[in-house]
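Per-entry structural report
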Amino acid sequence: MKPIRKILIANRGEIAIRIMRTCREMDIETVAVYSEADRTSLHVRYAHEAYYIGKSPSPESYLNMDRIIEVARRSGADAIHPGYGFLSENALFSQKCREAGIIFIGPSPEVIRTMGDKISARETMMKAGIPVVPGTMKAIQDEEEAMRLIREIGFPVMLKASAGGGGKGMRLVHHPEDALPALRAARSEALAAFGDDSVYIEKYITSPHHIEFQILMNNHGNAVHLFERECSIQRRHQKMVEETPSPLMTPALQEEMGKVAVNAAKAVSYSGAGTIEFLVDDQLNFYFLEMNTRLQVEHPITERVTGIDLVKMQILIAQGEKLPLLQENLTQSGHAIECRIYAEDPDNNFMPGAGKISRIAEPMGLGIRTDGYVYEGYEIPIYYDSMISKLIVWGNTRDEAIKRMKRALYEYKITGVKTSIKYLERIMDCQDFIEGRYNTHFIENNREHLTDNNDCAHSCEDMVVIAAYIDYREKLGRVFDTKEFLPLQNRWKKTTHIHHF
Amino acid sequence: MKPIRKILIANRGEIAIRIMRTCREMDIETVAVYSEADRTSLHVRYAHEAYYIGKSPSPESYLNMDRIIEVARRSGADAIHPGYGFLSENALFSQKCREAGIIFIGPSPEVIRTMGDKISARETMMKAGIPVVPGTMKAIQDEEEAMRLIREIGFPVMLKASAGGGGKGMRLVHHPEDALPALRAARSEALAAFGDDSVYIEKYITSPHHIEFQILMNNHGNAVHLFERECSIQRRHQKMVEETPSPLMTPALQEEMGKVAVNAAKAVSYSGAGTIEFLVDDQLNFYFLEMNTRLQVEHPITERVTGIDLVKMQILIAQGEKLPLLQENLTQSGHAIECRIYAEDPDNNFMPGAGKISRIAEPMGLGIRTDGYVYEGYEIPIYYDSMISKLIVWGNTRDEAIKRMKRALYEYKITGVKTSIKYLERIMDCQDFIEGRYNTHFIENNREHLTDNNDCAHSCEDMVVIAAYIDYREKLGRVFDTKEFLPLQNRWKKTTHIHHF
Amino acid sequence: MSVEIKINNRFARVEVLEQNDNLLKVKVDDKIYDIDLMHTPGGTFSILEGGHSYNIELVPQDQPKKYTAYTLYKNFNVEVIDAESRYLLNRGGGGIDAGEKWIKSPMPGKVVMVLVQEGDEVAKGQTVIVLSAMKMESEYKSPFDGKVGKIAVSEGDVVEGNQVLIEFL
Amino acid sequence: MSVEIKINNRFARVEVLEQNDNLLKVKVDDKIYDIDLMHTPGGTFSILEGGHSYNIELVPQDQPKKYTAYTLYKNFNVEVIDAESRYLLNRGGGGIDAGEKWIKSPMPGKVVMVLVQEGDEVAKGQTVIVLSAMKMESEYKSPFDGKVGKIAVSEGDVVEGNQVLIEFL
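Because the structure is predicted, anything quoted here is derived from the model rather than measured. (Residues numbered from 1 in each chain as written. Chains lettered and ligands numbered in written order. Predicted model: local features only at pLDDT ≥ 70, side-chain atom pairs only at ≥ 80, totals over all residues. Heavy atoms only, no water.)

Glancing now at the confidence of the model for chain A. Averaged over every residue, the pLDDT of chain A is 90; the share at 70 or more is 93%. Note on residues 479-501 of chain A: pLDDT is under 50 here. Beyond four places in sequence and across chains, it has 57 contacts. (pLDDT = per-residue confidence, 0-100. Contact = heavy atoms within 4.5 Å.)

Structure (structure tokens):
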């Protein structure tokens, strides 16, 4: 068993940096790859080495398998960590790494293939005795057949890209007249995102909870689960807030679902970190939804309550270590919540926005973790995901965690682009959230409570007016003073202090 | 029992902000006070309200009791939190708060008086059957008597300001000829810092470990300890690195010292959070050193391993809550280390330095907490402590915590002023520290390993040379281009990208 | 000198009555404030008013005299209405669009589908065009019942931010 | 154009041989590097050389052409030695002090005690003056065996940074 000494991170943004952090703690050298848009991105500056791999659109860079493997070879990397998104669930990439003699930090091509295709995943799970949601058993490419199946299963139905993930190529259809446009939109989106426009169709569970279990399995047959993550707070089918434990969870249900998750991992001889996603209805019936054969965006909340560095585990498992993974050694301590900070406009249908970051103030202190990658002056490229940071908070109790999250969101200031920060604060203030009574319809059910209610006092507005006036007046004054040296650093104006209490 | 709704924080810097954070999580309004030098300090900007209390030297502002109480009254604050330093261990201030009908978040004037004077503290502890270091039983103000006692106790001896703390007015004397100058220096320092030049003298323990126990006691007779903090890594008698658990600790010793700490708290009917400091020698004999009747700088490592927000506990106890403080509910989980970031020059005898912060990059990610207060463009005033930030790291094991701390220190970048960051990295690399074999002489015993060893590769130096050249060339060029708009925000130069792999 | 400032939908008139370094007496509409104001050239403001501590950050927008203002609780659109902008506003140039008769792209992206043709009758809320940006497809709906005028783009086109896509009659 | 740059105690000669936007061919002494250099006007540099990623931040010092350079691992004192500074250096004005014969205050503070008198013989390491700054007293020792010359301050004096306190003969 040869220890891994150098890892190429085939990704960008916060996850690239998060992986490099653990590498640094393990004395492993890091190799970054970057597209044209990312020359000055933080992952390039954080890594020991960095190589250009192509133009900004991801098919020409972050999805360019041969190029990435070539960089790994040239730089002498022993292993590639794919992060999430991009090539992380690409069986061919895992295959190509194997052929090149480079460790792919993730499961085998066979497992990715089986679990990556949602239909074969369903079949595999059904064989292993795991409950699944009623729906089609194969990928549909024919429009007429799809329409027939939709009618057969009965509304509401969910259309999903067979190769999909992250809400792309997904459509919920309630009424017969919406079925055809939705099908076409889903297929077009799937084709653009994954190069495959086949979809599958399943019964849509009303009032569903999206609960997933983190699993770890080594190459020696040991598997454990690291408890659940509640991910029901979603907008546009993308997660926005996650927490663990789930407010819905009972000890009995946790034990049962945990066992099923471990069985699912064992059924495919899994390797590394993975996630079993379930839909849970109000009666606590649960159905296998899909398996994510990679690290999840929301993995830090699991790290916080279990104390386990999941990236470290991934690396050790990939290295072939026989980890002492024993379920009875694992405990869930306290409560963790993650809020995803997107560059988007929550008051305009969560429209993603690119642009330049003006200033950032990160929240700090007890129980706060941020995983981000943008910095002051950074221009968010239009080519990639709009998530710019994750805020993870821990508290002794759920109540303490919510209050701490509110405090952290209050402290978190990103100016220059629109972000979801204020919207997330409103979620923390929402009675349904505070009481833990929510399902995946939370955002639409609480539209009223979540809109900007303009509660700034009149005097606060007046202070803004005064500030704008002073700034304007200074700019007018500056016309007569063009030779003045403008310091590059911000500098507080020096004025004598007047006793005024 | 009336809940506290508004707290005045009679402090500045990181501790003022740390306290305000918890207040915000408890929906308590915060009132800041500030001196002339602190108008634009972060604590003024973080608070709900802020009031000017006087000129920059602390006797005219942060030590001005009547002024602070007046502000509390006018702003309608129910309580005052003194933080650490300044008025935190001032019995008269606690007294004045009581008389003004304002809750002082800390113990009664009587307890502060008893424990604040090191000599009466020793007497009280001896009566309660707690072991103390041999030394004088009363404050010495007569030079001749002091010299006689020094000879009597025998070298080495330690001179300490009777009213002191934080290493001020403290001197270690090994040789008879150094005794008189040391005595004079200690008394002059004590007079300047505390307005009292009496000292006491005690036997100096060779190879001592400085280990302290955190205690919490409510107003209903319940007391617990929250385990120990190892604080032996000191320079100039000021702590630099703290960790919990102590590498020296055994379960038996922890139980014994914990019991003694709880007894010490009970002996004085303590209220709130306090710390019992011990000297422990290589044979694990321990002696009571002093009690700090306030929050400690290093309290976050205890918060991290116990999951308890100590400021929240202080507030709840001050409010009169009957907390369920049960020793058996408390556990120490994992390992936490704190590094104190000082604005100082470690390569020049830790000379403190004021100056303007140019840029800050905070460490982030798994297991990291920073408690700081400086920001980019901030000028560190010369009037106060030189500690600008605390970096607290948690790991599953001591080894993981050390590696994580190294990673965090690597990420932590503060430019514009000299800091202890690189020096702290060297401590993390020091074999004696890694193996946990150290006492309060660590810094002097490892002088060799801790000096800057100039290990940057030649090519790295060359890159710095190139950067300086490019900057110089640009500045030359700028002479011909004075009308160019200099953006206030840093902006990466836009250049076309050249394929170059 | 008093100046008019538009904050979201409110117009306010400001005037500095007295100034002693960072201590100002300012009138906003009918209200007089005594404030202690410190700021950086970068637009960070710390204002103390009656003890209350306000933090404001001004970020200039593309158009001159326009800002986005960030407080710790809320964000505002702010515009200084001096003589020049007042003139433009009265002429109807610049200023605020009333009853837009088009759909614009909010940011750079790509046209995925155009679901209507020129001359089509559309109902309010009917999806007329689908754009893709930042890996996400967004459906744009008609803001009212009406008729499609000019369609300025085709499927597959790359569009700029703020570009008119479809006009209505 | 080649320029000499002093980095800590080393003198290095730099010359840009070729430039294509951010791609440079640079000679430092005898070594030639092909680098990809990006930087901000604020002095933050990202340099890629042979794949290696270097991060450098330059902070200008009080004197022109002098910087403190911060890398992720080490800090350096850097000075550009162009014709002007070379001239000053050769004349012995400015530049580096050789064998200082005085004790200066490193930062603003207050004189607590002066332990010597003018004309006293002092031994190397003997404490001569005690300063207080940032709540901490520091003892300053004689850098060599010698004799005290002028004492420029008295106990209780407030001193500026870099002010001469005691001169030696």
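With that settled, consider the pairing of strand β10 (residues 223-235) of chain A. Residue and element names in this part refer to chain A. Of all the 13 residues making up β10, 13 are buried; the element is thus mostly covered by neighbouring parts of the structure. Direction of pairing for strand β9 (residues 209-217) relative to β10: antiparallel, over a ladder of 6 bridges. Directly across from Met217, in β10, lies its bridge partner Ala223. If you look at the hairpin formed by β9 and β10, you'll find 5 residues sitting between the two strands, and Gly221 has a positive phi there, around 90 degrees. Remark: 2 residues form the turn of the hairpin made by β10 and strand β11 (residues 238-244), two consecutive strands paired antiparallel; Arg236 in that turn has positive phi of roughly 50 degrees. (Buried < 20%, exposed > 50% of the residue type's maximum accessible area, 1.4 Å probe, protein only. Helix = DSSP H or I, 4+ residues; strand = E, 2+ residues; numbered from the N terminus. Pairing = 2+ DSSP bridges.)

Time to look at the interface of chain C and chain A. Counting residues at the interface gives 63 residues for chain C and 59 residues for chain A. Carbon and sulfur atoms supply 65% of the area that chain C and chain A bury against each other, a total of about 5700 Å² over both sides. The closest approach of N and O atoms between Arg359 of chain A and Glu57 of chain C, which form a salt bridge, is 3.8 Å. Across the contact surface, chain C and chain A share 11 residue pairs in polar contact (both at pLDDT 80 or more). Considering each element in turn, the side of chain C that touches chain A owes the most residues, 7 residues, to strand β4 (residues 31-39) of chain C. Taken together, the residues of the side of chain C that touches chain A sort by class into 40 nonpolar, 11 polar and 12 charged. (Buried area = accessible area lost by both parts, 1.4 Å probe. Salt bridge = Lys/Arg side-chain N within 4 Å of Asp/Glu carboxyl O. Polar contact = N/O pair within 3.5 Å; in protein donor to acceptor, adjacent residues only side chain to side chain. Nonpolar A, V, L, I, M, F, W, Y, C, P; charged D, E, K, R; others polar.)

All told, the structure shown has 30 aromatic pairs over all chains when counted by the stated rule. Measuring from centroid to centroid gives 6.1 Å for Phe213 of chain A and Phe278 of chain A, while their planes differ by 85 degrees, and the two rings are edge-to-face. You can see Phe213 of chain A sitting in strand β9 and its partner Phe278 of chain A sitting in strand β12 (residues 272-280), a full 65 residues away along the chain. Taking the centre distance of 5.1 Å and the plane angle of 85 degrees together, the rings of Phe350 of chain B and Tyr423 of chain B count as edge-to-face. Residue Phe350 of chain B is found in the loop between β15 (344-345) and β16 (351-352), and its partner Tyr423 of chain B is found in helix α13 (residues 421-429); the two are separated by 73 residues along the sequence. Side by side, Phe350 of chain B and Tyr423 of chain B carry an identical accessibility label, which is buried. Every member of this aromatic cluster is reached through a ring pair, and the members are Tyr62, Phe86, Tyr383 and Tyr384 of chain A. (Phe/Tyr/Trp six-rings, centres within 6.5 Å; stacked < 30°, edge-to-face > 60°.)

All names here are of chain A. Taken across its 9 residues, β9 has 9 buried, putting it largely inside the fold. Along β9, one buried face is formed by His209, Ile211, Phe213, Ile215 and Met217 and the opposite face, lined by His210, Glu212, Gln214 and Leu216, is buried too. Where β9 and β12 come together, 9 bridges link them in antiparallel fashion. Each bridged residue has a counterpart across the sheet, and for His210 the counterpart in β12 is Leu279.

Residue and element names in this part refer to chain B. At a closest axis distance of 5 Å, the pairing of helix α5 (residues 109-116) and helix α6 (residues 118-127) adopts a crossing angle of 95 degrees. Classified by the interaxial angle, the pair formed by α5 and α6 is roughly perpendicular. On α6, the residues touching Arg113, Thr114, Met115 and Gly116 of α5 are Lys118, Ser120, Ala121, Thr124 and Met125. Split by residue class, the contact of α5 with α6 holds 3 nonpolar, 4 polar and 2 charged. (Axes fitted to C-alpha atoms, helices over the stretch in contact; angles between N-to-C directions. Parallel < 35°, antiparallel > 145°, perpendicular 65-115°, else oblique.)

Turning to the pattern of salt bridges, a few remarks are in order. All chains considered together, the criterion is met by 94 salt bridges over all chains. Put simply, Lys6 of chain A and Glu49 of chain A hold a salt bridge, and the shortest N to O gap is 2.6 Å. Here Lys6 of chain A is found in strand β1 (residues 6-9), whereas its partner Glu49 of chain A is found in strand β3 (residues 49-54), with 43 residues between them in sequence. Note on accessibility: Lys6 of chain A and Glu49 of chain A belong to one class, buried. With a closest N to O distance of 2.7 Å, Glu400 of chain A and Lys312 of chain B form a salt bridge. Of this pair, Glu400 of chain A sits in helix α12 (residues 398-411) while Lys312 of chain B sits in helix α11 (residues 310-318), which puts the two residues in different chains.

Here we take up the sheet that holds strand β12 (residues 272-280) of chain B. Working definition: the strands of a sheet are paired by backbone hydrogen bonds and lie parallel or antiparallel to each other. Residue and element names in this part refer to chain B. Taken in spatial order, the 8 strands make up an open sheet running β13-β12-β9-β10-β11-β14-β21-β19, and their pairing is antiparallel. Two strands bound the open sheet, and with one partner strand each, they are β13 (286-292) and β19 (368-372). Pairwise comparison of adjacent strand axes, ignoring direction, gives a mean angle of 25 degrees for this sheet. Note that strand β11 (residues 238-244) and strand β14 (residues 335-342) share 4 bridges and pair antiparallel. Within β14, the position partnered with Val241 by the bridge is Cys339.

Looking now at helix α8 (residues 179-194) of chain A. For an α-helix the count is 3.6 residues per turn, leaving residues at separations of three or four pointing the same way. All names here are of chain A. With 16 residues, α8 should reach 22 Å at 1.5 Å per residue; the first-to-last C-alpha distance of 22 Å fits that figure. Looking at α8, one finds that the buried residues are Ala179, Ala182, Leu183, Ala185, Ala186, Arg187, Glu189 and Ala190. Positive backbone phi, approximately 70 degrees, marks Gly195, located one or two places after α8. (Expected span 1.5 Å × (residues − 1).)

All names here are of chain A. Reading across from one edge, β13-β12-β9-β10-β11-β14-β21-β19 is the order of the 8 strands in this open sheet, with antiparallel pairing throughout. Each end of this open sheet is capped by a strand with a single partner; those strands are β13 (286-292) and β19 (368-372). Pairs of neighbouring strands in the sheet enclose a mean axial angle of 25 degrees, with direction left out of account. With 4 bridges connecting them, β10 and β11 associate as antiparallel partners. Residue pairing across strands places Gln234 opposite Lys239, the latter belonging to β11. Running over the sheet, α12 touches β11, β14 (335-342), β19 and β21 (387-395) and is turned about 140 degrees from β21.

All names here are of chain A. Counted according to the given criterion, the structure contains 0 disulfides over all chains. The closest cysteine sulfur to the non-disulfide-bonded Cys231 is located on Cys339, 12 Å from its own sulfur. The buried category is assigned to Cys231, whose relative accessible area is 0%. (Disulfide = S-S within 2.5 Å.)

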